[in-house]
Amino acid sequence: MDRLLNTVRAHPWGSTTALPELMGIAPDGSPQAELWMGAHPAAPSRVEREGHLHGLDRIIEADPRGELGDVLVRRFGPRLPFLLKLLAADSPLSLQVHPDRGQAAAGYARENAGGIPLDAPHRTYRDTQHKPEMIVALTPFEGLCGFRPPGESADLLDALGLDWLAPCVTTLRSAPEEPALRDVFSTLLSLSPDRLAEVDGAVAECARRPGPLREVFAVYAGIARAHPADPGVPAALLVRHVRLSPGEALFLGAGIPHAYLRGLGVEIMAASDNVLRCGLTSKHVDVPELLRVVRFTSLPAPVVRPVPGVGGEEVYPAPVDDFRLSRLVLGAGEGARALPGSRPQVLVCTAGTVRVTGPRHEVVLTGGASAYVPAGERVAVSGEGTVFRATTDDQGDED
């Protein structure tokens, strides 16, 4: 078991205060967006062994079966298949989707054949993996996730009062769902700068106008202020706005359009860099490829709530095998809770003080601190606080 030394990554959309407050340190004024915990080569956690600091990626590379166990190496290869983050957003992230495994493998091969370097800014596929992800709110959290029913989107576009949007409104109200969403989404992503400015103005006006849609438009007006004349603004009107209370989550599968807007959360994802963006960003946008990946179907309310697990765990169900995320809330005076040990795991404390006790030593975690437990090492947690546990999904052979 090792205490992790992690990297805080700065992005313009990050909060200047949320992560420092969680970690109990003074803010430095920079937008601290993400704290990465894992073995991703872009910002691997570091551990101290035998008096020296080593990247967790190198530790795993040197002994993958010892660190990950035979089952994970056979399934995912010699790599930690998930990345855990603390994410703190103060303004909208890009509107994006992720590919499934087949799309990722095909896109990666295609760009390699085209001679596009892996680190090229215009590269879309940087590996062969899919990138499902889940965010659990630690504070009130807002995001966009999945298409609205076409009729609801038609009402929003109609309320803008822009005559040239009438064909889109008609399509959403009369055509079958998949072709209607595909046609209108494509149209909105190809609007001219003048049209985009008109949308921004109309959204702002609707946000000022009394009525049942005022609150909805206020969300999109805020997005437009952060990203003026951006094609992601009208496209986002087709995507459902979601508010999470602390403890609630969103799962984001392949092809689902989404964007985080604001809030602090625990995020877990498959360890991949494959992101297709369509707006609200200064990074590479590949609309034709994105349109091949998007799933043009509306979703029900996508909020995920934890379900009871073994030993007091609250498990956030996700239909993937790359990761499994759970939460343990520990009360004062409770006994230690043993955690299964045949899979590697990352533990992060988000409140209070949590002790992680192993066969050889103990690590004390406070807000934002984390530990890595290799496969086969049995540990127990105790104290008074909240700890999130990241591992892989199949627990059937852990005992």
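Higher on the page you've got the structure.
Residues numbered from 1 in each chain as written. Predicted model: local features only at pLDDT ≥ 70, side-chain atom pairs only at ≥ 80, totals over all residues. Heavy atoms only, no water.

Enquirer: Just checking my understanding: could you explain the layout of surface pockets for this structure?
Expert: To find leftover empty space, a probe the size of one water molecule is rolled over the atoms. Empty space within the largest pocket amounts to approximately 940 Å³. Contributing to the lining of the largest pocket are 44 residues, with His11, Ser94, Gln96, Arg277 and Lys283 lying nearest its centre. Sorting the residues of the lining of the largest pocket by element identifies strand E2 (7–15), strand E3 (32–37), strand E6 (82–89), strand E12 (258–270) and strand E13 (276–279) as the ones contributing at least two each. Among the elements that take part in the lining of the largest pocket, E12 stands out by supplying six residues, more than any other. Residues that form the lining of the largest pocket fall into these classes: 19 nonpolar, 13 polar and twelve charged. Estimates place the volume of the second largest pocket at around 350 Å³. Lining the second largest pocket are 16 residues, and of these Ala39, His40, Pro41, Arg79 and Ala271 sit closest to its centre. Secondary structure elements with two or more residues in the lining of the second largest pocket: helix H2 (56–62) and E6. It is H2 that provides the largest number of residues to the lining of the second largest pocket, a total of three residues. Split into classes, the residues belonging to the lining of the second largest pocket amount to nine nonpolar, two polar and five charged. (1 Å grid on protein atoms, 1.4 Å probe; cavity = no way out; pocket = protein on both sides within 12 Å on 5 of 7 lines; lining within 4 Å. Points joined across faces, edges and corners; volume = space filled by probe spheres on them. Helix = DSSP H or I, 4+ residues; strand = E, 2+ residues; numbered from the N terminus. Nonpolar A, V, L, I, M, F, W, Y, C, P; charged D, E, K, R; others polar.)

Enquirer: Any chance you could explain the environment of Arg305 here in plain terms?
Expert: Within the secondary structure layout, Arg305 lies in the loop between strand E14 (303–304) and strand E15 (307–308). Not counting residues up to four positions away in its chain, the partners in contact with Arg305 are Glu248, Val315, Tyr316 and Pro317. A polar contact of 3.0 Å, which involves the side chain of Arg305, links it to the side chain of Glu248. (Contact = heavy atoms within 4.5 Å. Polar contact = N/O pair within 3.5 Å; in protein donor to acceptor, adjacent residues only side chain to side chain.)

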